[in-house]
Every structure is written in C-alpha cells, then in structure tokens.
Amino acid sequence: MSIQSTEARYERDMYDKPTPIDGVIISMLERMTLPEKIGQMTQLNQDMILLPDGTLNRTAVEHYAKNYHVGSYLNQLASDGVNYDVEGYARIIEEIQEITLSVESTFKVPIIYGLDSIHGAHYIANTTIFPHGINLGASFNPELAYHSASITARESRAAGVHWTFAPVLDIPVNKLWPRVYENFGEDPLLSSAMGIAAIRGYQGKYKSDRSKIAACMKHFIAYGAPWTGQDRDSTVVSDRTVYDYFLPGFQAAVDAGVATTMATFIDINGEPVVASEKYLKRMLRDRMKFEGMLVTDWEEIKNLYTLHKVVANNEEAVKLAIDSSSLDMSMVPQDTNFFDAMIQLVEDGKISMARVDESVGRILQLKKDLGLLAEDGWKGDKKLQKMVGNEEGVEVALNIARESITLLENKDDVLPFGENIKSVLIVGPTGNDLGHMSGGWTIQWQGATVDAWHGDIDDTQFYGRGVTIHSGIELVAPKGTLIKYMQGFKIDGMDVNMDEVIMTAKDFDAIVVCAGEHVYAELPGNIHDIRLPYGQIESVKRLSQTGKPVVTVLVEGRPRVLDSIPDSSNALLQVYLPGPWGGKAIAEVLFGKVNPSGRLPYTYPKHSADLSLNYWRPVSDTWDPLYEFGHGLSYSSFTYSNITYMGTTKENFLTSNMYENRKIVPGEADKIVTIEITNNSPVDGKESVLMYVQQNYRRVTPPAKLLKGFQKVHIASGMTTAVQFNINADMFRYTGIDGIPNATLDNGPVKVLIGDQSFEFEVQNST
C-alpha cells in the first residue's frame, strides 16, 4: 500500500505576481502628456488597422499612434480569412510596434497585443490546440492545466503576443449558457485549482522569463448565472452566493498572482459591473487585494448607454465607469470615442489626473514586467518559434482528452470493445471532422466553419493536425477490424441517409453514434431549448432497435438534455470538446487502450426545465439530475474503505479517549483523514478521489455537500492506495445572516464524505 502525495511542481515553485508601480513608472507618469496617458488606456480591435484582405494598414497604425497613442490591440490576424502562423503574427505585430515607436512621444512605449487563447493559441496557424476548459475540469488533474497553459504561453510569445484573456473562472450555474465549455465546471474548489495551475503555466516568473505571458482572470464576476440562460443577460443573485460560490476561484487567482482581470458584460441585480464601485473597487481591490491591471470586455463602457440604459450618452458612460470603478483599460474597440471622452472629462475637471495616473501606472508596470519596455523586448523569439506545434504539445493535448473522457453508462460492460467486435459502424455528424470536437474559439471566433459563422465545418485550417473519431478508430482498432463511417443525420437532427444506415448496421458488430452540438461562441450560441435536436434522439433510438450494441459519443459544449438516448445506448461517453486530437483518445477508450477516468465537472440535467441545477444546491431543494457532479465510470473496480483519523476508525473514534479530538476548532492544526482505495479489478486505473464536507444544520440552509479536496491517483490492479486529506474549520465558514463574507462558523456536527465512506467531527467555535 502507498500513501499518495499530489503536490505538483507548479505548487512548489515560486512565481511572480503584480506589485505596486515602481519608481521608473512613477517618473514616466510625471512627464507623460494627457493624450499619451489616455492612449495607454485605449485598446482597439485589429480591424481598425488592417486592410480588407488582412494585410497591415501602416497609415492607420501611424494615425492611431500619432493622434491617439493607442496602447493595445487585440484579436486574430488573418489574410483573406486564413490565420497567420507565428512568423506572420510576429512580423505584423513587430511592424505595429515599430510604427508606434517611431512617432514623436515623451517615451517609446510599445503596445501590448492580446488574444483569447483559451485552449491554446488557436488563432495562430499550426499551434497546439488543446481541449477546452470543461475537459480540464473533467480531468480533475491541475497538472494538465499547468502544462497546456505553459505551452500556450510559449507559442503566444513566439508570435509577439504577450497577453491572453484566460483563464475563464466563471461558475456556469445555468447550463443553457453558451459559455459553459470555456470554464472548468460548477464547483468553486475545482475552478480554483485549475485556475491556479493555468495562471502559473501562463505566467511563471513572467518578470524575467521571456517565454511567459500575462494571464487574465475573467469574467469578474457572476457572469455564469444569467437568469434566462442567455449570454450577457442579467444575473439576479444574492451576495451570499457571490461570496461563497463565485468569488473563491477569482480570489485563488489573485493569490496565485494573476497579472490582469477582465470585467464582465452583465449587470448584477440591475447594477452593471463595469461601472460598479461595489464589485470593481470594494470587492476586487479592497477586499481581494488585486494589484494588477483591469480591462473591460468588448464595448462594455459603450453598453452602459446602448444596452444597460443607465446613462444617456458616451461621455456619461465613460465618466461613470472610470469614476465609479478601478478600470484601467477600455476594450473600446472600434472607435476613438473613449479617448475623446476621457480627454474632455479630464480637461473639464470631471475626472482627476490622479485617477488617470492610477490606471496608466498599472498598465505601464505590466508592460515593464513583461519586458516590453526593454530594448527589443517586444519582438518574437525565433527560438520559441521553432518549438511551435511540437510533439510535447500534442501529447499534452492527448492526455487532457484521455483523462477527461467520462464514461456515463456501460451496460453489461459493453466497453471496452473485445475480440468479438470485428466490425464497427460509425454514424453521426461529429464523427468525421475536427471542427466539432474543437468547438468555438477555434481558428475563428465561432469555430472552424466555411463561413466563419455557423455554416458547415471546414477543417482546412487544421492543416492535418488532428485525428477525427473515424480516423482514430481506424488507427486504434485491432488489425483487420472493418470500419465504416456514414453520416446518418445532420447536426440539427435532419435525416441524411438513416434508412441506408439502418440497413448497413445489420452487417456490423457494434455501432458508435457521434452526436452533439454544432460550434458556437458567446452570444451567437444562445439557444432556448436545452434538449438535443429531436432528430438526433430519434436516430439513436432507431439504431438501438437494430439489436446491435450502440455506444453514443457526446461531443458537446454544454450538457444537453438527452431524453431517451441513455435508454437507447449500451454505453454513453461524454467527451465534451476534446479538441482536434480527441478522436484518437476517444478510440483508445473504446478499445481499452485507455481506461476512462474523467468525472463530470457539472450536474447533468435530466429535464429541460432544470437549467440551474448544481450539486451545491441548498439541501432543501428538489434534486433529480440525470447524472451528479463527479459521476464517471471506469473499466476498473475501486473500493473505498477504512476511513481513519490519526489511525483510528470512526467506530473506535467515538468510544476511545480520542473523542475530544473530534472537535474542529478555528486556528488549530488541520486534522488529517485517510481513506484507502483498492483496485479490485485486473485493469490498472486512475481514480479521482473527491472529498466533500457536509454540515447537518446551520443558521442559513446548508448546501447538500461541498467539495473541499480532491486527488487523482493511479492504482495498479490488485493494489491499495491510501489518500490523505486535511480538514479545518475554514471549510465550514460561510456568509451568514449579517452579510459579512465567509465570517460565520456555526457549532455542530459535520461530516467528511469520501466515496461511500464518512467520518464525523464537531465544529466548536468559541466566538
């Protein structure tokens, strides 16, 4: 038996974090002109400086540098819709830098270029595209988040890109929301752990290591709980829920040293976050102690009068946002109205120069920390360029897919396919391309399609870098296995050739149905019905009626209600959005080359009205999900046993002289609980061991349970592993009736839950 330790290298090493502005930056602020300062606060989209064919408009760059001193640009660079590679990005961004630095100004301050590199540097051709955040959450392995972020940073820096708008730390409460897949899941601890790992991967020692970039935690805050489920709609939520469930991931990111933050589009209870003193001053700066740079999302300040209707015009919007919050940079992004309004507001005395200096200081400090103010510090590194898209990145992408694939059903152990399966028929619209597996934010904003919108999938710009499900099965299946692909039905459920498929299926030993969602991102991904299209559901049902084993593979960004699909399937695999290399990992799971170890990072709804069903619901709420958070089967059989505290079982604990030790007291040393997990099967496997806490009662209705620890361990066949978890009083704190965040700790019995084992303690709070 072994005792597992999961302390990762990224947890042991030291990392940089933002600090107050230094003397060099203060000296610069004393000499810079007002327009130069406001320019640093201005971020424009690339289409402002590109010609229609995607080549650089040098005249436009000079115009915005000379007249507006623009400090930042963002978004993908492409020629006639084809993304540039790292050399092309570096060349264009270096041209922007050279022109910017050539105009007359007090100091030569380079721009900082930002990209939404949320699952790899996916806007840059031939870089490594990873599975999405939801897959990382399902893996329960933060090491994978660290490694994928490290590679993304290196490939971004090679292209002259120094800033990623990631990680995404929203808690996707409403499962209809089209941004579920960008996140790590519905649990605060899981999101925190993955966020910390990603930030340290992106940033590392970013003040000296020139293979690192600035991370950006987003979207602050409560973005994942729109009351309608529609992207950017209002969130109606209590402060208690914000503090206890939405805030922890962001606080963990601040503590980990995240360099930047992005504010959210939404209003909370009618208050637009972008102009909120409550959220962007008192919470983010004063309470959370965030010292980095704060940027808006797309057109957020403009939205104050065009969308939220809290002011009448642009100047009022700019004044409200800058005066009320601690915003530093406006993602304007397609005009100069922010710059013009800021100049006027400062000249009229409506916004102080001190307020401007506060923001510009943080922006300049970020640029200095990243090395941009050093000579040629903004240039792409040719050594890094040679490493782009290497086998290391592909292996990390594959491992994320392998460890995230979640086996939801496996009736009669139909998986893995055995020697009796000599032929496999693959059916469905997600089974023979890379684009569906990669989802939105891939090559184009909305995904890899023929029209850069919601048209048919176009795999051209993957340049062969990936493996479809069809190709993966051909690659992995035993030699001589007959493999055939037929579409059967479209992604919207419309019939293509299902009658022919049904006739053909009779000649095959097993059917793999590849269902799921079309690609989308953000607002265009809004839907009003969370059920999978009826035609998909009916097609799976028809295939089940052939009498052949049916394995349904779900390629989806959010958990779509499945209706009869679980009943019609002998096995059900949730693969989320596993990226372009996912086809190989899926095939490896189907044929037993990989033992599935993924677990659901969210609650899977059974009914279409259960949009905001989360496992940390109040214990009094109705609970009828299809699958619970943390559900996931394995080809191994694991048994949990012998839960102990200080070597004493819970039965002996209650009768021994250690009874006093059952008290959990604030400020005292952590208690250590040990659980043994045995692999009773002939198959080696990985197991995500989840530790929940449960409070029997408290002044505010408690959650049914709450995850407070997890470890992923490998257990060989026939072996037993002991896993340890620390328990302390802070795990039971919450925001009480008095509204003071995380300050209430009620006395009384509590439980630690690990698998089917439990251990009882008692909280004793003297205050």
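Structural data are supplied above this passage.
J.: How would you sum up the sheet that holds strand β15 (residues 423-427)? Please name residues and give values.
T.: Pairing between the strands of a sheet comes from backbone hydrogen bonds, and it takes one of two forms, parallel or antiparallel. With respect to topology, six strands assemble into an open sheet ordered β14-β19-β18-β17-β15-β16, the strand pairing being mixed. The open sheet has two free edges, formed respectively by β14 (406-410) and β16 (482-486), since each of these has just one partner strand. The mean inter-strand angle of the sheet, taken between neighbouring strand axes irrespective of direction, is 20 degrees. Of the pairings in the sheet, the one linking β15 to strand β17 (residues 510-516) comprises four bridges and is parallel in character.

J.: Give a detailed account of the packing of helix α9 (residues 239-255) against helix α10 (residues 277-287), specifying residues and quantitative values.
T.: Relative orientation and spacing of two packed helices are given, respectively, by the angle between their axes and the distance between those axes. At their nearest, the axes of α9 and α10 sit 13 Å apart, and the two run at 55 degrees to each other. Looking at the two axes, α9 sits oblique to α10. Crossing geometry of α9 relative to α10 is assigned as right-handed. Packed against α9, whose contacting residues are Asp239, Val242, Tyr243, Leu247 and Gln251, the element α10 presents Lys278, Tyr279, Met283 and Arg287 at the interface. Tallied by class, residues from the contact of α9 with α10 come to five nonpolar, one polar and three charged.

J.: Quick rundown of the sheet that holds strand β22 (residues 663-664)? Include the residues and the values.
T.: Here five strands make up an open sheet; going across it, the order is β22-β28-β27-β24-β25 and the pairing mixed. Each edge of the open sheet is held by one strand with a lone partner, namely β22 and β25 (706-715). With nine bridges joining them, strand β24 (residues 685-695) and β25 adopt antiparallel strand pairing. Bridged to Met691 within β25 is Gly709.

J.: Which residues make up the pairing of strand β19 (residues 571-576), and what values go with them?
T.: Of all six residues making up β19, six are buried, and the element is well covered by its neighbours. Alternating residues of β19 divide into Ala571, Leu573 and Val575 and Leu572, Gln574 and Tyr576, and every residue in both groups is buried. One ladder, built from four bridges, connects β14 with β19; its direction is antiparallel. Residue pairing for β19: Leu407 is matched across the bridge by Leu573. As paired strands, strand β18 (residues 550-555) and β19 are joined by five bridges and run parallel to one another.

J.: Please set out the pattern of salt bridges residue by residue, giving values where relevant.
T.: Following the criterion strictly, the structure yields 35 salt bridges and no others. Here Glu277 and Arg282 are joined by a salt bridge, their closest N and O atoms 3.9 Å apart. Relative accessible area serves as the criterion here: at 43%, Arg282 is assigned to the partly exposed category. The partner of Arg560 in a salt bridge is Glu517, and the shortest N-O contact between them spans 2.6 Å. In this pair, Arg560 is assigned in the loop between β18 and α21 (565-568) and Glu517 in the loop between β17 and α20 (534-544), connecting sequence segments 43 residues apart. Glu517 carries the same exposure label as Arg560, and that label is buried. Here the residues in one salt-bridge network are Arg179, Glu182, Asp231, Arg232 and Glu522, joined through shared partners.

What counts, and at which threshold
Residues numbered from 1 in each chain as written. Predicted model: local features only at pLDDT ≥ 70, side-chain atom pairs only at ≥ 80, totals over all residues. Heavy atoms only, no water. Pairing = 2+ DSSP bridges. Helix = DSSP H or I, 4+ residues; strand = E, 2+ residues; numbered from the N terminus. Axes fitted to C-alpha atoms, helices over the stretch in contact; angles between N-to-C directions. Parallel < 35°, antiparallel > 145°, perpendicular 65-115°, else oblique. Left-handed = near helix turned anticlockwise from the far one by under 90°. Contact = heavy atoms within 4.5 Å. Nonpolar A, V, L, I, M, F, W, Y, C, P; charged D, E, K, R; others polar. Buried < 20%, exposed > 50% of the residue type's maximum accessible area, 1.4 Å probe, protein only. Salt bridge = Lys/Arg side-chain N within 4 Å of Asp/Glu carboxyl O.

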